[in-house]
Amino acid sequence: MNWRGSTIEPMTNPAAEAVLRAFESARSAGRASVECYRAGVEAWRRAYPDQSAEYAAKQAVAVILATHAKFRVEE
């Protein structure tokens, strides 16, 4: 069996908006970080119920991190 990389670009995917909205809503409600990410994953899974939980989680987290992650490099 040959596995190929994702053909879905998480940030340009129509589900990205729903993922970010769910994440921000949970965050605004004061939920724990894991619950915020879980809300984003659930939004992705609603858009793509046929995808595996693992794949959906990777896609949703990619969207969230692309928007919210800040990296600092200390010299």
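Remember, predicted model here, so these are calculated numbers, not experimental data.

(A) Examining helix α1 (residues 15-28) more closely. With 14 residues, α1 should cover 20 Å at 1.5 Å per step; its first-to-last C-alpha distance of 20 Å lies within 8% of that length. Of the positions making up α1, those classed as buried are A15, A16, V19, L20, A22, F23 and A26. Summarising the axial view, the buried residues of α1 lie within an arc of 160°, below the 170-degree limit, and thus occupy one face. Opposite the packed face of α1, turned more than 90 degrees from it, sit the exposed residues E17 and S28. For α1, the secondary structure elements touched by its buried residues are α2 (33-47) and α3 (53-68). Immediately downstream of α1, the backbone of G30 shows phi near 80°, a positive value.

(B) Structural context of the confidence of the model for the chain. Considering every residue of the chain, the mean pLDDT works out to 86; 80% of them sit at 70 or more. Ranking the elements of the chain by mean pLDDT puts α3 last with 92 and α2 first with 96. Here residues 1-5 is a poorly scored stretch, pLDDT under 50, and it has zero contacts once near neighbours within four places are set aside; other chains count.

(C) Focus on α2. Relative to the 21 Å expected for 15 residues at 1.5 Å per residue, α2 spans 22 Å between its end C-alpha atoms, a close match to the ideal helical length. Along α2, the residues that are buried comprise C36, A39, G40, V41, A43 and W44. Looking at the packing, one finds that the buried side of α2 touches α1 and α3.

Definitions and cut-offs
- Residues numbered from 1 in each chain as written.
- Predicted model: local features only at pLDDT ≥ 70, side-chain atom pairs only at ≥ 80, totals over all residues.
- Heavy atoms only, no water.
- Helix = DSSP H or I, 4+ residues; strand = E, 2+ residues; numbered from the N terminus.
- Expected span 1.5 Å × (residues − 1).
- Buried < 20%, exposed > 50% of the residue type's maximum accessible area, 1.4 Å probe, protein only.
- Arc of directions from axis to C-beta.
- Contact = heavy atoms within 4.5 Å.
- pLDDT = per-residue confidence, 0-100.

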